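Listed here are the chains, written in short residue letters.
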Amino acid sequence: MVLVNGNNIWDVEGPAAATAEIEVTSMLSKLVGYDENISAGYTTWGGQGAVFNSLRLAIARYAPTSNQSGVPQNLYCFCSELSHYSLYKSVEATGIGVENMIRVKANADHSMNLEDLKEKMEHVIAQGGVPLYVLATMGATDTFGIDDIEGIKLISEELERAYGIYPLFIHADSAMGGMYSFFNSYDFGSNPLRFEDNVNEVLKSYQQKFKHIKLADSMVFDFHKLGQTPYITSLFLIKNREYLKYVDLDAEETPYVGNRGYGSYHTGYTLECSRMGSALAIYASLLAFGVDGYQELLANYIRVNIAFRETLIKEVSNVVITNEVSPITTFRFYPEKTKWNDERNGLLTVEEITEINQFNDEFAEVIGAERDIVFFGNTKKQCLLEAANSNKRISVYAHKFFTISPYSTIDEVDHYVEFLKEHLDCFLKLNELQELERSS
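Residues numbered from 1 in each chain as written. Predicted model: local features only at pLDDT ≥ 70, side-chain atom pairs only at ≥ 80, totals over all residues. Heavy atoms only, no water.

1. What about the overall build of the protein?
Item 1. From N to C terminus, the protein includes 12 helices and 13 strands.
Item 2. Computed over its C-alpha atoms, the radius of gyration of the protein comes to 24 Å, within 12% of the 22 Å expected for a compact globule of 440 residues.
Item 3. Along the longest, intermediate and shortest principal axes, the C-alpha atoms of the protein span 85 × 55 × 45 Å.
Item 4. Counting only residues that meet the buried cut, the protein has 53% of its 440 residues in that class.
Item 5. Accessible area for the protein stands at about 20100 Å²; split by element, carbon and sulfur atoms hold 50% of it.
Item 6. With 37 positive and 60 negative side-chain charges, the protein shows a spacing of 3 Å between the two charge centroids. (Helix = DSSP H or I, 4+ residues; strand = E, 2+ residues; numbered from the N terminus. Rg over C-alpha atoms; globule rule 2.2 N^0.38 Å. Buried < 20%, exposed > 50% of the residue type's maximum accessible area, 1.4 Å probe, protein only. Areas by Shrake-Rupley, 256 points an atom, 1.4 Å probe, with all protein chains shown as cover. Lys, Arg positive; Asp, Glu negative; His and termini not counted. Charge placed at Lys NZ, Arg CZ, Asp CG, Glu CD.)

Okay, structure coming up:
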């Protein structure tokens, strides 16, 4: 308690917390490919805090006087239509405005469509706007969709050259998926930790995506999501610490912190003043697990999800898995036979999709009533699909299996699926009875 209460705004007042923050920043910089001699980082209030802080940096870097004169009104931000709502809140709070947040279509694998991104950026430029910021989702909350950050960087540089625009700021929203960068240097050929072939293949595919995360100007690690640490233990990591000068306070604005001859770590650039020593929990976990330990832990999330997917499909005929293999499995039930292929290909009407959504929504209430036994999450925007009779893309409802406990193993999977199966059978029978009553 005493250690965690150390105030790491200044190393004089919280030396253990400040030291841990510096150590963690160095460790994770090396892990992702940042130069630890140039990078910087600090703990903040979750992935939301990192998005807000990164947008604040992007604005101040582009318009250094904005902290005094206000935010220019022609700045635009871009994100996937499936990205976390933290950017929505951040454009509100910074004054950029929600109307200047451009949503980009997602591909079938839930990653950002780069052609649509480029087209929308060029449209903004043609209208006299300034493309400022791109949020690259590295592991979406609902589907674990991973944006092509290398492709985003290439498009940004292409537009910068073609139109002479200011370099875009790219923030990797890696709150959910950033932990999988622990596999960036793993040798999948020799496979020293002896992962099963199906697990090995998934992790290898992640390596191909996360090895480019170093291209981002900033990113975040939410250790409280997949890293087995308590809330809130998030590290906001910045590629170039020089960016902090745009948002740092003058020493005269902080007369009682950091302006003495002693102490060398003064974090006047954070939005928080007093900050708890949450870096200590991250530091302790990194030392305790090590890279190998985290690799084992993260691989188990994949192992359990693969087993759950296989068992669910085997035991339930009217269900489909709606995302790629990841620590999250999204799945969707149907009253009778599955229609997922027709839904994805835009062959169903709005009314048909809505009816299936309603079926899943009602079933979510049924299993949610017994969440003390097994808790399944759900989402009302797993992805957006075209409908046969509308130009508007329709949200898809789905259930979520999200296991982030080392104590959840493949031995528990049969229990999870049996819970769903029993409740689904009862739900279908109840629907049949209700339908008979209505028809009579």
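2. A word on the nonpolar core
Item 1. Grouped together as the largest cluster of nonpolar side chains are 58 residues, with contacts concentrated most on L28, Y180, L203, Y206, F221 and L298.
Item 2. Considering each element in turn, this core owes the most residues, 9 residues, to helix α9 (residues 279-315).
Item 3. Ignoring sequence-local partners within four residues, the contact set of L298 consists of M179, Y180, F182, F183 and L226.
Item 4. Of all hydrophobic cores here, the second largest spans 31 residues; its members include A18, A58, Y243 and Y269. (Core = buried A, V, L, I, M, F, W, Y, C linked by side-chain atoms within 4.5 Å. Contact = heavy atoms within 4.5 Å.)

3. Notes on the pattern of salt bridges
Item 1. Scanning all chains against the criterion turns up 12 salt bridges.
Item 2. A salt bridge links E158 to K118; the nearest nitrogen and oxygen atoms lie 2.7 Å apart. A residue pair is termed long-range when its members are at least 10 positions apart, and E158 in helix α6 (residues 149-163) and K118 in helix α5 (residues 114-126) qualify at 40 residues.
Item 3. A salt bridge links K380 to D361; the nearest nitrogen and oxygen atoms lie 3.6 Å apart. (Salt bridge = Lys/Arg side-chain N within 4 Å of Asp/Glu carboxyl O.)

4. Re the environment of L114
Item 1. Tracing the sequence through the fold places L114 in helix α5.
Item 2. Dropping the residues within four chain positions of it, L114 is found in contact with D148, G151, I152 and I155.

5. With respect to α5
Item 1. With 13 residues, α5 extends 18 Å between its outermost C-alpha atoms, agreeing within 8% with the 18 Å of an ideal straight helix rising 1.5 Å per residue.
Item 2. Of all the residues in α5, the buried ones are L114, D116, L117, M121, V124 and I125.
Item 3. Summarising the contacts, the buried residues of α5 are in contact with β2 (75-80), β3 (101-104), β4 (130-137) and α6.
Item 4. The N-cap of α5, judged by a side-chain oxygen 3.1 Å from the amide nitrogen of E115 a few residues on, is N113.
Item 5. Just past α5, the residue G128 takes up positive phi, approximately 90°. (Expected span 1.5 Å × (residues − 1). Polar contact = N/O pair within 3.5 Å; in protein donor to acceptor, adjacent residues only side chain to side chain.)

From the geometry alone we can't say anything about function, so treat these as descriptive.
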